[in-house]
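Notes for the structure review
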Amino acid sequence: MTNTAFSTSVLNWYHQHGRKHLPWQQDITPYRVWVSEIMLQQTQVTTVIPYYLRFMERFPTVQALAAAEQDEVLHLWTGLGYYARGRNLHACAKAIVEQHGGEFPRSVDALADLPGIGRSTAGAIASISMGIRAPILDGNVKRVLARFYAVDGWPGSPAVQKDMWDIAERLTPAHSFREYTQAMMDMGATLCIRSKPACGICPLQPDCQGYASGKPTQFPHSKPKADKPEKHTWMLMVRNRDGHWLLQPRPQTGIWGGLWSFPEADSEEQAQQQAQLRFGTQIDQLESLGSFRHTFSHYHLHIHPLRISLNSNPLQIGEAGVHWYNPEQPSELGLAAPVKKLLHLPD
DNA sequence: AACCCGGGGCA
DNA sequence: TGCCCAGGGTT
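Here is what the cut-offs are and how they apply
In this numbering scheme, every chain counts its residues from 1 along its sequence in written order. Working convention: letters from A go to chains and numbers from 1 go to ligands, in the order in which they are written. In keeping with the predicted nature of the model, local features appear solely for residues at pLDDT of at least 70, side-chain atom pairs appear and are counted solely at 80 or more, and the whole-chain, interface and lining totals rest on all residues. Water and hydrogen atoms play no part in the side-chain values, which are based on all heavy atoms of the structure. Runs of E in the DSSP output that reach at least two residues are strands. Runs of H or I that reach at least four are helices, and both are numbered from the N terminus. Atoms considered for the radius of gyration are the C-alpha atoms alone. The globule rule reads 2.2 Å times the number of residues to the power 0.38. To sort residues, take the accessible area from a 1.4 Å probe on protein chains only and compare it with the maximum for the residue type: under 20% means buried, over 50% means exposed, and anything in between is partly exposed. Residue contacts follow a heavy-atom distance rule, with two residues in contact if any of their heavy atoms lie within 4.5 Å. To measure how exposed things are, a 1.4 Å probe is used in the Shrake-Rupley method; for residues, cover is taken only from the protein chains shown. Boundaries of every domain are those given by an automatic assignment or by a domain database. Classification of ring pairs rests on two measures: the distance between centres of Phe, Tyr or Trp rings, Trp counted by its six-membered ring, which must be within 6.5 Å, and the angle between planes, read as stacked under 30 degrees, edge-to-face over 60 and tilted in between. Any Lys NZ or Arg CZ that is within 6 Å of a ring centre and within 35 degrees of that ring's normal is treated as a charge sitting over the ring. Only C-alpha atoms enter the line fits that serve as axes; for helices the fit covers just the stretch in contact. Angles between N-to-C directions range over 0 to 180 degrees. Crossings are assigned a handedness: left-handed for a near helix turned anticlockwise from the far helix by less than a right angle, right-handed for a clockwise turn. For this classification, Asp, Glu, Lys and Arg are treated as charged, while Ala, Val, Leu, Ile, Met, Phe, Trp, Tyr, Cys and Pro are nonpolar and the rest, including Gly, are polar.

Some details on the overall build of chain A
- Across its full length, chain A holds 14 helices and 8 strands.
- Against the globule reference of 20 Å for 347 residues, chain A gives a C-alpha radius of gyration of 32 Å, more extended than a compact globule.
- Projected onto the principal axes, the alpha-carbon positions of chain A cover approximately 90 × 50 × 30 Å.
- The 347 residues of chain A split such that 45% are buried.
- Sequence-distant contacts in chain A: of pairs separated by 6 or more residues, those separated by 24 or more amount to 64%.
- When the accessible surface of chain A is totalled, it reaches about 17900 Å², and 50% of it is carbon and sulfur.

The following block contains the structure:
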């Protein structure tokens, strides 16, 4: 599908189904579009409408807004959330009046230098209210494009974000970009919604790679979970002459709280040291069993078992509450999953 | 309860 | 550059 076919398709849809009666779509001026875009940044259309109407009634011009007390601006913002938007809006109005003669600068870059206006909002103001062809990439557009191209990777990452801006730029038509911009936002807001998108009535469906994948809602990919750190532990698998294993209770809190486990050490050296200290000459054989990985919700644990065979059956080794576990007649104890696995490892 | 969102601010 | 924050709404 060519870029032109894409935008034509989107524009046709807009003429039939797009939203054209929202308050900020009437009497289109940079000021009115700007206020609406800021309000719409993190807030849905239906929530914004009453705030927008009240705001416009009280501050019909950028001069009126610039002259207001911050308290009054924030009062009209109360309930919208993200109050930095309201403070930036006020600061931006002052900047426009004091530094730009009361007129919005007529370029995307100059707009984006103003407080609270980033690249996407600048693109929306320019393309909707100034006759300047400029792409936008708000959440709605991002979703439409990520699905259409089945974009891999999280759009928040710099590389993917750059790709998506390039796509947005490429697809923005030379003419009718005001309607196109509106249309893309409308499609994202009404058809290509986060869950249960209306692919059945979407004009882009025949060429949509997200639809073709069978799982359009997996795009855009969600923010990757924080990387799980890799941790290591050495487990001393101490076996007495009868083939029973030494277990000791874990603290009540933390990982495996209250379960039974092998004595542990933070390194191979410490593990050897601990073994020498506790069992010394009773050690018959000591062998590394290699390691395996156990995953928790928040980290990966590499477990390095160290099998230590004793030439005796120590009765008392100083610590209270240790347990000698007989795999032939397993006691009913709480065991961490990897510990249980190790206890029943074939020789 | 988890997730979402444009831009600002800070390390 | 990357990371965290803000808050109300949706799922």
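That shown, we press on.
Observations concerning the domain arrangement of chain A
- If you check the domain split of chain A, you get domain 1 (3–218) and domain 2 (230–343).
- With centres defined by C-alpha atoms, the gap from domain 1 to domain 2 works out at 59 Å.

Observations regarding the packing of aromatic side chains
- In total, this model carries 8 aromatic pairs according to the counting rule given.
- An angle of 65° between the planes, with centres 5.1 Å apart, marks the rings of F55 and F59 as edge-to-face. Assigned by exposure class, F55 and F59 land together as buried.
- Seen in terms of ring centroids, F148 and Y149 are 5.0 Å apart; in terms of plane orientation they differ by 85°. Their pairing is edge-to-face.
- Three or more aromatic residues joined by ring pairs make a cluster, and in this case those are F6, F148 and Y149.
- Above the ring of Y14, the side-chain terminus of K20 is found at 5.1 Å from the ring centroid.

Here's the deal with the packing of helix α2 (residues 30–40) against helix α8 (residues 119–129)
- The contact between α2 and α8 brings their axes to 9 Å, and the two run at 145°. The handedness of the crossing between α2 and α8 is right-handed. Side by side, α2 and α8 meet where P30, V33, W34, E37 and I38 of the first sit next to T121, A124, I125, I128 and S129 of the second.
- For the contact of α2 with α8, a count of residues per class yields 7 nonpolar, 2 polar and 1 charged.

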